[in-house]
Amino acid sequence: MAHVELSLSEVFVPTARASTEPESDNFGQWSSTVSRADEPCLLIDAETRVIAISTAGCELLCLGEPDDLIGRPLLDGGLRLLDFTANRGELTEAEIDKIPPLLALSSGRLARGLLRVQAASADSSDATVDAISTPVLADGAVAGSLTFFSEV
């Protein structure tokens, strides 16, 4: 039988650090972080425009280069989402609104789900990714969503 022992210690309170970046809001800081991230991630604004995407995110989602997507609407940037049926049809408008990045925007809450992404070329297989999204706030209001992806 496993034995678990707990102990209490003093609370660690980190000291405030001075930012090394120029004056920036919360949304701007996330944008900078996502752009440099090694993990597949994406930041969109409230109008669903791509603000930042990591190189790994572009590769996983079959989207090309990050610079080609910045400023474009997420779904106009080449992202092709398929349903999970045998027919592999593109998602309908109602289904698109329920993908995690958009659901986090509309609900203001965490959202998670699986996405089936159409492969970039005909000889490649489609990718299934797990997406976890959180709303990003600016001045107390939802200004966008941050999504991390993992291949399934």
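All figures in this text were calculated on a predicted structure; none of them were measured in a lab. All residue numbers refer to positions counted from 1 along the written sequence of the respective chain. The model is predicted, so local features are restricted to residues of pLDDT at least 70 and side-chain atom pairs to those at 80 or more, both for listing and for counting; the totals for chains, interfaces and linings are taken over all residues. Water and hydrogen atoms play no part in the side-chain values, which are based on all heavy atoms of the structure.

Engineer: Break down empty space enclosed by the protein for me, citing the residues and quoting the values.
Structural biologist: In this analysis, the protein atoms alone were mapped onto a 1 Å grid. Cavities are point sets where a 1.4 Å probe fits without being able to get out; pockets are open sets with protein on both sides within 12 Å along at least five of seven lines; lining residues have an atom within 4 Å of a point. Grid points are joined across faces, edges and corners, and a volume is the space filled by probe spheres set on the points. For the coordinates displayed, the defined rule picks out one cavity of 30 Å³ or more. Here the largest cavity defines a volume of roughly 30 Å³. Lining the largest cavity are L42, L61, L74, L79, P101, L115 and F149.

Engineer: Tell me what's going on with helix α1 (residues 26–36), and back it up with residues and numbers.
Structural biologist: Accessibility here uses a 1.4 Å probe with only protein chains present; expressed as a share of the type maximum, an area under 20% marks a residue as buried, one over 50% as exposed, and anything in between as partly exposed. Helix and strand labels come from DSSP, where a helix needs a run of H or I of at least four residues and a strand needs a run of E of at least two; each type is numbered from the N terminus. Turning to α1, its buried residues number three or more, namely F27, S31, S32 and V34. Across the axial projection of α1, the buried residues extend over an arc of 165°, all falling on one side. We call two residues contacting when some pair of their heavy atoms lies within 4.5 Å. Those residues of α1 that are buried lie in contact with β1 (41–45), β2 (50–53), β5 (127–138) and β6 (141–151). Directions drawn from the helix axis to the C-beta atoms are what define this arc.

Engineer: Describe the pairing of β1, and please don't skip the residues or the numbers.
Structural biologist: β1 sits mainly inside the fold: five of its five residues count as buried. Sheet topology places β1 next to β6; five bridges connect them, and they run antiparallel. Residue I44 lies in a different strand from β6, and its bridge partner there is S145. Across three bridges, β1 lies against β2 in antiparallel orientation. Note that in β2 the partner of L43 across the bridge is A52. Note on pairing: two strands pair once DSSP finds at least 2 bridges between them. Between β1 and β2, which pair antiparallel and follow one another directly, the connecting turn spans four residues, one of which, T48, has a positive phi of 70°.

Engineer: Provide a residue-level description of the environment of E95, including the pertinent values.
Structural biologist: Position of E95 among the secondary structure elements: in helix α4 (residues 93–96). Note on E95: relative accessible area 35%, which makes it partly exposed. A distance of 2.8 Å separates the side chain of E95 from the backbone nitrogen of T92, its partner in a polar contact. Any pair of nitrogen or oxygen atoms within 3.5 Å is treated as a polar contact; in protein, a donor-acceptor pairing is required on top of that, and neighbouring residues in sequence qualify only through side-chain atoms on both sides.

Engineer: Tell me about the layout of surface pockets, and please be specific about residues and values.
Structural biologist: A probe as big as a water molecule, rolled over the atoms, marks out the empty space that is left. By volume, the largest pocket is sized at about 150 Å³. Residue lining of the largest pocket: L82, D83, F84, L91, E95, K98, I99, P100, G113, L114, L115 and R116, and that is the complete set. If you tally residues by element for the lining of the largest pocket, the top one is strand β4 (residues 111–117), at four residues. The residue makeup of the lining of the largest pocket, split by class, is seven nonpolar, one polar and four charged. Nonpolar residues are Ala, Val, Leu, Ile, Met, Phe, Trp, Tyr, Cys and Pro. Charged residues are Asp, Glu, Lys and Arg, and all others, Gly as well, are polar.

Engineer: Hey, could you go over the sheet that holds β5 for me, with residue numbers and the actual values?
Structural biologist: Strand order in the open sheet formed by six strands is β2-β1-β6-β5-β4-β3, and the pairing between neighbours is antiparallel. Lying at the two open borders of the sheet, with one neighbouring strand each, are β2 and β3 (81–82). To define axes, lines are fitted to C-alpha atoms, for helices over the stretch in contact only, and angles between the resulting N-to-C directions are given on a 0 to 180 degree scale. Running over the sheet, α1 touches β1, β2, β5 and β6 and is turned about 150° from β1.

Engineer: Residues and numbers for the environment of A119, please.
Structural biologist: Turning to its location among the elements, A119 is positioned in the loop between β4 and β5. You can call A119 buried: its relative accessible area is 14%. Along the sequence, A119 and R80 sit 39 residues apart, while their C-alpha atoms lie 8.4 Å from each other. A119 has contacts with C62, S124, S125 and D126, leaving out every residue within four places of it along the chain.

Engineer: Pulling in residues and values, what's your account of the side chain of S133?
Structural biologist: Here S133 is to be found in strand β5. Among the polar contacts made by the side chain of S133, one reaches the main-chain carbonyl oxygen of P100 at a distance of 3.4 Å. Among the polar contacts made by the side chain of S133, one reaches the side chain of T147 at a distance of 2.6 Å.

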